[in-house]
Amino acid sequence: MHKKILVVDDYESICESLAMLFREEGYLVDNTTDSAQGARLIKKNRYDACIFDYKMKGLTGIELLKMVKNKNPRCPVFIMSGVLNIDLLSTDKSVVSLAAGLIGKPFDVEQLLKNVAVSMHTLV
């Protein structure tokens with residue numbers, strides 16, 4: 001059975017690129033640029049991993065992270081953000097303890113793929 005990933009980023013180009021990247025790796029991917037739609041997808045589906053932008057219109061990536069963890073505490077969630085925000089996020093212990101990783105933009109595609117794959121593999 002294929003692993004299922006949710007990608008939510010309000011930048012369409014990033015959202016679509018990540019979805020395409022993970023699909024090429026064999027994952028099933030739901031993606032949206034609308035954080036409210038992301039919340040609806042979280043309520044409706046069960047994911048093996050999630051990648052959320054930190055700062056979006058509407059809900060933040062942290063709010064989506066908490067929604068996922070309330071439904072499925074073992075689901076690895078990665079938070080992406082601009083480099084300046086990553087420094088601030090990394091000092092927030094509540095975020096660091098819940099997130100599987102913090103990803104600075106721009107990000108290394110190979111490293112991201114590896115981190116997501118490893119985080120899902122540890123759940124088996």
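Engineer: How would you summarise the nonpolar core if you had to cite specific residues and measurements?
Structural biologist: With 18 residues, the main nonpolar core has I5, L18, F22, I51, L112 and V116 as its most contacted residues. Of all elements in the fold, only β1 (4–8), α1 (12–24), β3 (49–53), β4 (77–82) and α6 (109–121) reach the threshold of two or more residues within this core. The element that contributes the greatest number of residues to this core is α1, accounting for 5 residues. Among all residues touching V116, those that are not within four sequence positions of it are I5, F22, A49, I51 and F78. Among the nonpolar cores identified, the runner-up in size contains 17 residues, and V8, L41, I79 and A99 belong to it.

Engineer: Go over the packing of helix α2 (residues 35–44) against helix α3 (residues 61–71), please, and point to the residues and values.
Structural biologist: α3 packs onto α2 with a crossing angle of 5° between their chain directions and a minimal axis gap of 10 Å. As summarised for this structure, α2 and α3 are arranged roughly parallel, according to the angle between their axes. Contacts from S35, G38, A39, I42, K43 and K44 of α2 reach α3 at L64, M67, V68 and K71. For the contact of α2 with α3, the class distribution of residues is 5 nonpolar, 2 polar and 3 charged.

Conventions used here
- Residues numbered from 1 in each chain as written.
- Predicted model: local features only at pLDDT ≥ 70, side-chain atom pairs only at ≥ 80, totals over all residues.
- Heavy atoms only, no water.
- Core = buried A, V, L, I, M, F, W, Y, C linked by side-chain atoms within 4.5 Å.
- Buried < 20%, exposed > 50% of the residue type's maximum accessible area, 1.4 Å probe, protein only.
- Helix = DSSP H or I, 4+ residues; strand = E, 2+ residues; numbered from the N terminus.
- Contact = heavy atoms within 4.5 Å.
- Axes fitted to C-alpha atoms, helices over the stretch in contact; angles between N-to-C directions.
- Parallel < 35°, antiparallel > 145°, perpendicular 65-115°, else oblique.
- Nonpolar A, V, L, I, M, F, W, Y, C, P; charged D, E, K, R; others polar.

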